[in-house]
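Listed below are the residues making up each chain.
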Amino acid sequence: MSSAESSGDGGKWLDAHYDPVAGIYTFSSCVDLADLSGDGENRLVVGDLGSGSSGMKLKVYRGTALMSESTLLDLPAGLVAFFMDLHEPRIPAVAVASGPCIYVYKNLRPYFKFTLPGLEINTLEQDVWQQVKEGQINPLTLKEMLESIRKKADVPLSVRSLSFLSLEPHEMDEFVELLKHQPIKRQTVITCIGTLKKNMADEDGVSCLVIGTESGEVFVLDPEAFIILSKMTLPAVPTIMDVTGQFDVEFRITAVCRNGNIYILRRESDKPKYCIELSSHAVGLVRVGKNVVVGCTDETLQGFTQKGKKLWKTVLAAPIVTMASMDLPTRGFQAVLVGLANCEVQLYRDKNLLSTIKTPDVVTSICFGRYGREDGTLIMTTKGGGLMVKILKRTASFDDRDSAPGPPLAQSIRLNVPKKTKLYVDQTLRERESGLAMHRAFQMDLSRLRLAAAKAYVKALESSLTPMSASLAEPLKMNAVVQGLGPSFKLTLNVQNTAACRPVTNLAISFLYDESLYRMRNPYMRIPLLVPGLIYPVETFVECTSDKGISDVIKVFVLHEGRSSPLLTAHINMPVSEGLTLN
């Protein structure tokens, strides 16, 4: 068995490299491919999370070998490669979002550091710390005042005050002495990062940086001066971002936020233009053409238009771990790669499953594009720190046939609706002109129908023609079962007392039938005491005496001794007898 076939991908991919101990711990937002040397060969740039508290590094791979690595001061939240200027040779820079800063590397060396502007500081908080600095209040009083400010103030407290409130009483004096002379700062951090072409849609066009922050703001940065060109506000914190368009012409930012909604920002507005409300939180977001594909925590993949209209939804076999776009411009092919928790990577075009790749470990990041000189390269990192590289075969073709279980693909094709006829147009005009009169006529007919039904129901109750008793003193219910092919039938009546706790006594059952057709052994029977809740079967035999092949209705009356009107009535439609019994 070949290596391609053993990986369970249908023979569409070549296994180029697999290192299970590469020691790479990252996510899809911290992986990119770029030609960092200007020699036409793309490198793999990875923001490695390390252990989560130490060992964070910016790693660059060439082929299967580690080319260089640089230490990062904080956990990377995202990484992008972008062109800053038009200088020759055209070599992209790498921007790493980490904490409140963006670190820009050019030629694999630190080039620039951009820090987010500070946030507004609560004036009451400033006054309280000023009083501490002047020795007017002690740490215990400071704690009480800060807790009061936190409950009432619109502006949140700074990290210093929140850290102070979490301390034990014996630790407060040392904390205050250490920090009371330093100015108060309130700083936000970066949650996601993307790129936006400035004025040209070319692949090597100059791009602006787009960053989302913990304070719910989105900034567009100038690629050369690193000043804020545009500032937009979201109702919640953005976690995933997709950017398309050009800053000087028209652009669209699609942001997934922590409140479970997706917001779409446009160039002409500093607030969201559209909102998509999801049934569960989003794990990933990928743009395919003019639509966006969203993976959710409820194990579903959903497609939406740019304006938020839902197009389709498909259920997956396992929770989604990561998502990435698969774009092959040379073939005009676009699809979505979805990494699942069951060690599979599935390829979807719309809601159609095209291919499945089985992996030895859970995939945590996916990146598809040109690596080295190969256009169709799929790079994946695993939960255990492994690195996998697969190359798409040049002969590989993906069938649009939906291989997932469910309705056929033809079901989603729109019907050819015929054109509007003159009769249809005339009818529409008539409904518009006399809509009120038509509605009134309909309501009148509906009211008459309801009245007729109510009268018939009351009449049936008063004459005890229903199989349920209307009497509150003897609430009874009865159903009948006919067994046999004929001419002899067994008739079973199931009588039940539906009262809560009161038994019913002195009841009898009487039958009314055509004596020329049927003969009964017991046309009149007494019923024993009926205990509430129990079903009492009353059995008798009916014999058909006619050989004409006809049937009739037998009426059953439940009577109370001393009363002329029955408590309830049942009509039994007898089946046609198969023939007379042989003497």
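Just so it is clear, the model here is predicted, and its values are computed rather than measured.

### Quick look at the pattern of salt bridges
One pass over the full model with this rule turns up 20 salt bridges. For Glu-250, the salt bridge is made with Arg-266, and the minimal N-O distance between the two is 3.2 Å. Of the two residues, Glu-250 is situated in strand β15 (residues 250-257) and Arg-266 in strand β16 (residues 261-266); the sequence distance between them amounts to 16 residues. Accessibility expressed as a relative area gives 31% for Glu-250, which makes it partly exposed. Residue Arg-519 pairs with Glu-543 through a salt bridge whose shortest N-O separation is 3.2 Å. On the criterion of sequence distance, the pair formed by Arg-519 in strand β32 (residues 518-520) and Glu-543 in strand β34 (residues 535-544) is long-range, its members being 24 residues apart. With a relative accessible area of 46%, Arg-519 lands in the partly exposed category. The exposure class assigned to Glu-543 is partly exposed, which follows from its relative accessible area of 25%. Taken together, the shared-partner salt bridges connect Glu-41, Arg-62 and Arg-373 into one network.

### Quick notes on the nonpolar core
One finds Leu-493, Ile-509 and Phe-511 to be the most contacted residues of the largest nonpolar core, which totals 29 residues. Secondary-structure elements contributing two or more residues to this core are β29 (476-483), β30 (488-497), β31 (507-512), β32, β33 (524-527), β34, β35 (553-560) and β36 (568-573). Those residues within four positions of Ile-509 in sequence are excluded, and the remaining contacts are Leu-493, Val-495, Pro-523, Tyr-524, Met-525, Ile-527, Val-538, Val-556, Phe-557 and Val-558. One finds Leu-337, Met-380, Met-388 and Leu-392 within the second-largest nonpolar core, a separate group that totals 20 residues.

### Some remarks on the pairing of strand β13 (residues 228-233)
The side chains of a regular strand alternate between the sheet's two faces. Across five bridges, strand β12 (residues 217-221) lies against β13 in antiparallel orientation. When the bridges of β13 are listed, Phe-219 appears paired with Lys-231.

### Here we look at the domain arrangement of the protein chain
What the domain assignment reports for the protein chain is domain 1 (120-181) and domain 2 (476-573). In this structure, domain 1 and domain 2 have C-alpha centres spaced 86 Å apart.

Calculation notes
- Residues numbered from 1 in each chain as written.
- Predicted model: local features only at pLDDT ≥ 70, side-chain atom pairs only at ≥ 80, totals over all residues.
- Heavy atoms only, no water.
- Salt bridge = Lys/Arg side-chain N within 4 Å of Asp/Glu carboxyl O.
- Helix = DSSP H or I, 4+ residues; strand = E, 2+ residues; numbered from the N terminus.
- Buried < 20%, exposed > 50% of the residue type's maximum accessible area, 1.4 Å probe, protein only.
- Core = buried A, V, L, I, M, F, W, Y, C linked by side-chain atoms within 4.5 Å.
- Contact = heavy atoms within 4.5 Å.
- Pairing = 2+ DSSP bridges.
- Domains from an automatic or database assignment.

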